[in-house]
Amino acid sequence: MAKDYERITIPVANLYLHPTNARYALKSDLKTIDENSDRIAIERMIGLNETHIENLLPDVANNGLLPSQLPIISPINADNSKYIVYDANRRMTTLKLLLVYKDTVDTFKIPTKIKNLVKSLSYSGPDSLLCVSTKDTNFINEQLRKIHTDDLGIAQVKWSPRAKDYHLAEEGTYSNRYIIDIFLSFSKYTTKTALNNLKINGWRSLLDRFVNDPDIVKEYFGIEFDTENGKMTMFYKEKQTALILSSLVDDMKKSTAVDIAQTKDVRTKFLADFRQRNPLSEEDLIDNLLVFNVVKNKLEKTTIKNPISISPSEPAPITPDTGAPRPSTANPNTQNPVTPDTGTQNPGTPDIVTPNPGKPVPGPSPNAKKKTQKFLIENPQFQIITDNRAYKIYEELTQLSVNSYPNSALITFRSLFDITIHCYLEKCGGSSVSALIKSNAQLENKFKKALQILEQKHRKQDLEKDFVKVYEDYSSIVSNQISTIKILNAAVHNKNYHFDPNDALTVSFNYLSFIHFLWEEINN
């Protein structure tokens, strides 16, 4: 491919941040690039993760930008006096605060501690930068895909699934998740809870298990996707579609893969329950199909007749070749909910069975969940892990097979727990724990101290109720009995101790919610 870029030196004052950088998950609007858009972009970047900028400011002040990663820019006016920054927006945010906006930083809508940090730092580096400049958007997009990694802090940050979706949309590639995201952001019928959940990361990969199956999306959600053209066809009224997709997003946010998606049987039960809570009503069918166009951000009426005419009261069987479940529906004779039979069926046994009246369909037992779970963390909450070391370990636990490497998984989980306790004490413990932190104290002692500090802010009765197993371990430690922490220590120090995968999963089940809680406390 012919070279279509050049390396040129540009004054920092002539570089403008991208106001709809893919990280912001906003539809592109580059009509006006000026100081106002620059300020908005800086506020958005800091709002994404102020800790990153807080770490980055002193690094840029002392070391400047990474010489190995030149900013990628593109001219935005005829005389090439203004350029928009496509890559290095985080570092450019810090550099512009230090070099261009230092005297006016108080006028920005950013945290006071960031303002004070900017004022306290001195930047003595160059006021012009060597950049890669190009007008070729294909080149820009290709470079962005190659550059972004999972390193945190002062290195470049891996895009979230939502940010990736928005970036791909800039290239003209529209995922099913992106189409749902834009439609729910557009529709006046979307629930407030769903709108809030759209802003949160950690659940979109779970959504893929359902929205990438065309049979499921049509039968259960009443839609079809045309990802090539960025369109979603609707067989039901806009309100019905928006409410159903809102419920789907809410379910993804509050559930785990083990609960609703990891196996065919679990997916079948979830979809049966989803249909009972979100029925597709025949009265909401529309005569002519509606199409939502994400490119134009509008609903388009068509003259295409709605092909759906089957009454929702007519159950359909499970598709034998793909296993994709069809909607389970109310039995008109009993009016009791029904679910697909996930057990082994004898010849002649119907696919749809009716449970005993009033008896709920049993969910999988905790032990059943353990047998199907592959990793210690399967519904990650990456956005709350704000320490670089903890983030890398946390991410590793979403990829390290607990069935193949139970000891390694447990040792890695112990490291996550230890760093989490350390970060909590450092952030929330005050001067009373400084000696404990510096003394390389045992994990048991730091754990006990962390609980004591938590109890100063929260009622002990509430903590004991929310974290039963954690407090049982606390009692065991106090009475010098076997505890989870002793088991974690054995994984590290005893080479003859070999764990069953269920041992490691039990530790994760008992402690992961507590770890998430500590990170929420750290970030508050």
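The paragraphs below set out a description of the structure included in this document. Keep in mind that this is a model prediction, so the values were computed, not measured.

## As for the sheet that holds strand β8 (residues 285–293)
And then number 1: If you trace the four strands from one edge of the open sheet to the other, you get β6-β7-β8-β9, paired in antiparallel fashion. Taken across any chain shown, the strands that pair with only one partner, and hence form the sheet edges, are β6 (223–226) and β9 (298–305). This sheet shows a mean twist of 25 degrees between the axes of neighbouring strands, independent of strand direction.
And then number 2: Sheet topology note: the β6/strand β7 (residues 231–236) ladder contains four bridges and is antiparallel. Within the sheet, the bridge partner assigned to F225 lies in β7 and is M232.
And then number 3: Across the sheet, helix α10 (residues 214–221) touches β6 and β7, and the angle it forms with β6 is around 140 degrees.
And then number 4: Against the sheet, helix α11 (residues 238–254) makes contact with β6, β7, β8 and β9, and its axis sits at roughly 110 degrees relative to β7, the strand it touches most.

## Brief notes about the sheet that holds strand β3 (residues 72–75)
And then number 1: If you trace the five strands from one edge of the open sheet to the other, you get β1-β5-β3-β4-β2, paired in mixed fashion. Lying at the two open borders of the sheet, with one neighbouring strand each, are β1 (6–11) and β2 (15–17). With direction set aside, neighbouring strand axes in the sheet form an average angle of 50 degrees.
And then number 2: With four bridges connecting them, β3 and strand β4 (residues 83–87) associate as antiparallel partners. Across the sheet, I73 pairs through a bridge with V85, a residue of β4.

## Observations concerning helix α16 (residues 406–428)
And then number 1: Given a rise of 1.5 Å per residue, 23 residues ought to cover 33 Å, and the 32 Å separating the end C-alpha atoms of α16 matches this to within 8%.
And then number 2: Counted residue by residue, α16 has 17 buried out of 23 residues, so it is predominantly covered.

## Regarding helix α6 (residues 161–170)
And then number 1: Those residues of α6 that sit buried are R162, A163, D165, Y166, H167 and A169.
And then number 2: Residue G172 follows α6 closely and has a positive phi angle near 95 degrees.

## Section: the pairing of β9
And then number 1: Both β8 and β9 contribute to a ladder of five bridges, which runs antiparallel. Bridge pairing links V291 to E300 in β9.

## Quick word on the packing of aromatic side chains
And then number 1: All told, the structure shown has 19 aromatic pairs when counted by the stated rule.
And then number 2: One aromatic cluster is present, formed by F417, F447, F467, Y511, F514 and F517 through successive ring pairs.
And then number 3: Across the ring face of F108, the terminal group of R39 is positioned such that the distance to the ring centre comes to 4.1 Å.
And then number 4: A cation sits over an aromatic face here: R275 above Y220, 5.2 Å from the ring centre.

What counts, and at which threshold
- Residues numbered from 1 in each chain as written.
- Predicted model: local features only at pLDDT ≥ 70, side-chain atom pairs only at ≥ 80, totals over all residues.
- Heavy atoms only, no water.
- Pairing = 2+ DSSP bridges.
- Helix = DSSP H or I, 4+ residues; strand = E, 2+ residues; numbered from the N terminus.
- Axes fitted to C-alpha atoms, helices over the stretch in contact; angles between N-to-C directions.
- Contact = heavy atoms within 4.5 Å.
- Expected span 1.5 Å × (residues − 1).
- Buried < 20%, exposed > 50% of the residue type's maximum accessible area, 1.4 Å probe, protein only.
- Phe/Tyr/Trp six-rings, centres within 6.5 Å; stacked < 30°, edge-to-face > 60°.
- Lys NZ or Arg CZ within 6 Å of the ring centre and 35° of its normal.

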